[in-house]
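Observations on the model geometry
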Amino acid sequence: KQNNQNIYLVGGAIRDFLLERNFVDLDFVVTKNVLYIANRFAKEFNSRVIVLDDVNRIYRIVVDKQAKSLTVDFSLMRGRDIYKDLSKRDFTINAIAVPITDFTYDISHIGRNLIDPYNGRLDIAKRIIKHISDRNLVDDPLRLLRAYRLKAELKFNISPKTKKVIKKYSSLISKPAKERIRDELIKIFQSEDSYSNVNELDKQKLFEKIFPEIKRVKRSAKKHYFHPQGLWQHSKLTLKSLERILSNPERFLSQEIISKTLKHISNRIYLMKLIALFHDISKPEAVKKISGRTRFFGHETSSAKQIVKILTRLHFSMKDIQIAENIVKNHMRPGSLAQSKILTQKALFRFFRDLGDESVDLLIISLADRMSYVGISTNQKEIEKHKKFVCKLIEKFFEHKEKQSRPKLVDGYIVMNKFGLSPGPIIGAILKLVEENQAIGKINSEQEAIELIEKHLPKLKKKF
């Protein structure tokens, strides 16, 4: 107002307000002086301006208040007026504006001051996603994927006409920055029913444009696999089974571990779903017929390498990539442990040591993997048996984690001083030996640790 110009609140915040959803993003369009206003706003909230797009004049401020954050974007109006600006947006439900000059602190006034040239409010009421123009999707092909992200988040439907246009231009999805594609995918996999959205993305040919690796899975695995539609069907059913477990944990997990388990994996659910979908990605390369049986020896190692390539290409974080690699590389281990006649404390310790906090993630994915075979090569009785095994190991994991918080019996300095050793790999091997024996309850004091080291030191010296 001080600068004699118009400011409009636009897009998602209005949509979410009309849906009575919480919103954490505000987008403002201004007619001039956009950087000046962004700087004034940032100063008011003791924050800073982040430049998102200096060419199109888009700036962001993140406001942290009482452990919550609000993302506020300011952009310069595109076109001569707000109507022209809204005409360049993606979907009708996001092409709604409210002039701030008419805004009061009574938030209910939003509904009475809408600028809604494409009947977005009606589409919100109908829970339908419609594109404004083909050109808008072509200009920013990320919007082809965003339609499904909005569908997943809002539980809306996409109009048949918009679906047709998305399929027509699906080849363009490779153009946007990989970080932008990654962010949309994460939001899709964070939704409760990413399985149905993956199915639709697959039909629209978008999924294999993002993940070209699945073309080979679709082509080669039908004749080599248990599922009638081949390996890709198994992969999607593993994702579906994982979502069944997460949406109804009381049915699949014992009461004692539900709360701890859900809290433990809460920040990695999107990653678990991606892993479930791609855990067998390299089976086509590993398939062999041995004595009339189809075998996939070593597929877990090659699949781990492949998922690293996929996630690296999409610029996932190094932590996500390492977690995915470790889980895929070890995804056959729960099955092997389940078949052991005697499950030793040492075997359990090594499993938990190698998988760390992701032991729980892998065990749940293992159950989902097994559930995908129901009615195909596995019966419900076998699933129940594996479910009990998984619950038992998750319970053991939390016991193990509690034990790990106990003080160490010896450290590297004690070992070097006591046995006259120099720094090197042998010290790590000794500490690993002590840690393992402490974890399984064989030693409980420093003296017992020293005696253990004395016993094994000659053999370790030969090795190192």
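The structure we're discussing is the one just above.
Each value, and the rule that gives it
- Residues numbered from 1 in each chain as written.
- Predicted model: local features only at pLDDT ≥ 70, side-chain atom pairs only at ≥ 80, totals over all residues.
- Heavy atoms only, no water.
- Pairing = 2+ DSSP bridges.
- Helix = DSSP H or I, 4+ residues; strand = E, 2+ residues; numbered from the N terminus.
- Axes fitted to C-alpha atoms, helices over the stretch in contact; angles between N-to-C directions.
- Patch = residues over 30% accessible without salt bridge, like charges linked within 9 Å, V, L, I, M, F, W, Y side chains within 5 Å.
- Areas by Shrake-Rupley, 256 points an atom, 1.4 Å probe, with all protein chains shown as cover.
- Salt bridge = Lys/Arg side-chain N within 4 Å of Asp/Glu carboxyl O.
- Lys, Arg positive; Asp, Glu negative; His and termini not counted.
- Charge placed at Lys NZ, Arg CZ, Asp CG, Glu CD.
- Buried < 20%, exposed > 50% of the residue type's maximum accessible area, 1.4 Å probe, protein only.
- Parallel < 35°, antiparallel > 145°, perpendicular 65-115°, else oblique.
- Left-handed = near helix turned anticlockwise from the far one by under 90°.
- Contact = heavy atoms within 4.5 Å.
- Expected span 1.5 Å × (residues − 1).
- Bend = angle between axes of the 7 residues up to and from the residue.
- Core = buried A, V, L, I, M, F, W, Y, C linked by side-chain atoms within 4.5 Å.
- Polar contact = N/O pair within 3.5 Å; in protein donor to acceptor, adjacent residues only side chain to side chain.

**Description of the sheet that holds strand β3 (residues 50–53)**
If you trace the 6 strands from one edge of the open sheet to the other, you get β3-β4-β5-β2-β1-β6, paired in mixed fashion. One side of each edge strand has no neighbouring strand; the edge strands of this open sheet are β3 and β6 (97–99). On average, each strand axis in the sheet is tilted by 30 degrees relative to the strand beside it, whichever way the strands run. As defined by bridge partners, strand β1 (residues 7–10) adjoins strand β2 (residues 25–30) across 4 bridges and the pair is classed as antiparallel. Looking across to β2, one finds that isoleucine 7 is bridged to valine 30.

**Considering a negative patch on the surface**
The grouping of Glu256, Glu395, Glu399 and Glu402 at the surface amounts to a negative patch. Relative to the assigned elements, glutamate 402 resides in helix α22 (residues 380–404). Note on glutamate 402: relative accessible area 59%, which makes it exposed.

**Digging into the packing of helix α17 (residues 299–313) against helix α18 (residues 318–329)**
Here α17 crosses α18 at 160 degrees, and the two axes come no closer than 8 Å. For the element pair α17 / α18, the angle class is roughly antiparallel. The hand of the α17/α18 crossing is right-handed. Across the interface between the two elements, Glu300, Ser303, Ala304, Ile307, Val308, Leu311 and Thr312 from α17 touch Asp320, Ile321, Ala324, Glu325, Val328 and Lys329 from α18.

**Details of unusual backbone geometry**
Negative phi is the rule for most residues except glycine; trans is the rule for most peptide bonds. With a phi angle near 60 degrees, arginine 57 is a residue other than glycine that sits in the positive phi range. Along the polypeptide, arginine 57 turns up in the loop between β3 and β4 (58–65). On the basis of relative accessible area, arginine 57 is assigned to the partly exposed category, the value being 31%. Of note, arginine 127 is a non-glycine position whose phi angle comes to about 60 degrees, a positive value. Checked against the element boundaries, arginine 127 lands in the loop between α4 (120–126) and β7 (128–129).

**Digging into helix α25 (residues 446–463)**
Residues separated by three or four positions in an α-helix point in the same direction, a consequence of the helix having 3.6 residues per turn. Given a rise of 1.5 Å per residue, 18 residues ought to cover 26 Å, and the 24 Å separating the end C-alpha atoms of α25 matches this to within 8%. Leucine 457 marks the point of greatest bend in α25, at about 50 degrees, and the proline proline 458 comes within the next four residues. When we look at burial in α25, the residues that qualify are Ala449, Ile450, Leu452, Ile453, Leu457 and Leu460. Taken together, the buried residues of α25 touch α23 (412–419) and α24 (425–439).

**Regarding the nonpolar core**
By size, the foremost hydrophobic cluster in this structure holds 106 residues, and its most contacted members are Phe74, Phe189, Phe207, Phe211, Phe278, Leu311 and Ile394. For phenylalanine 211, the residues in contact, after removing those within four places along its chain, are Leu185, Leu274, Phe278, Ile310, Arg313 and Leu314. With 19 residues, the next largest nonpolar core counts Phe419, Ile430, Leu433 and Ile453 among its residues.

**Quick look at the packing of α24 against α25**
In contact at an axis separation of 10 Å, α24 and α25 are set at 135 degrees when each is read in the N-to-C sense. With respect to α25, the element α24 is oriented oblique. Two packed elements cross with a definite hand, and for α24 against α25 that hand is right-handed. Touching Ile426, Ala429, Ile430, Leu433, Val434 and Asn437 of α24 are Ala449, Leu452, Ile453, His456, Leu457, Leu460 and Lys461, all from α25.

**Quick word on the side chain of lysine 387**
Within the secondary structure, lysine 387 sits in helix α22. Polar side-chain contacts of lysine 387 include one of 3.1 Å to the backbone oxygen of arginine 251. Beyond its immediate stretch of four places on either side in the chain, lysine 387 contacts Arg251, Phe252 and Leu367.

**Structural notes on the pairing of β1**
Along a regular strand, successive side chains alternate from one face of the sheet to the other. Neither face of β1 is exposed, since Ile7 and Leu9 on one face and Tyr8 and Val10 on the opposite face are all buried. As judged from the 3 bridges shared by β1 and β6, these two strands associate in the antiparallel manner. Note on β6: the bridge partner recorded for valine 10 is alanine 97.

**Considerations on helix α8 (residues 178–190)**
Helix length check: α8 (13 residues) gives 18 Å between terminal C-alpha atoms against 18 Å at 1.5 Å per residue, within 8%. Turning to α8, its buried residues are Ile181, Arg182, Glu184, Leu185, Ile186, Ile188 and Phe189. The inward-facing, buried residues of α8 contact α6 (142–154), α9 (194–203), α10 (207–210), α12 (231–247) and α15 (269–278).

**Here's the deal with a positive patch on the surface**
On the surface, a cluster of positive charge is made up of Lys167, Lys205, Lys209, Lys215 and Arg219. On the secondary structure map, lysine 209 appears in helix α10. Taking relative accessible area as the criterion, lysine 209 reaches 32% and is therefore assigned partly exposed.

**Comments concerning the environment of tyrosine 373**
One can find tyrosine 373 in the loop between α21 (359–371) and α22. For tyrosine 373, a relative accessible area of 12% puts it in the buried group. Sequence spacing of tyrosine 373 and lysine 32 is 341 residues, and the spatial spacing of their C-alpha atoms is 60 Å.

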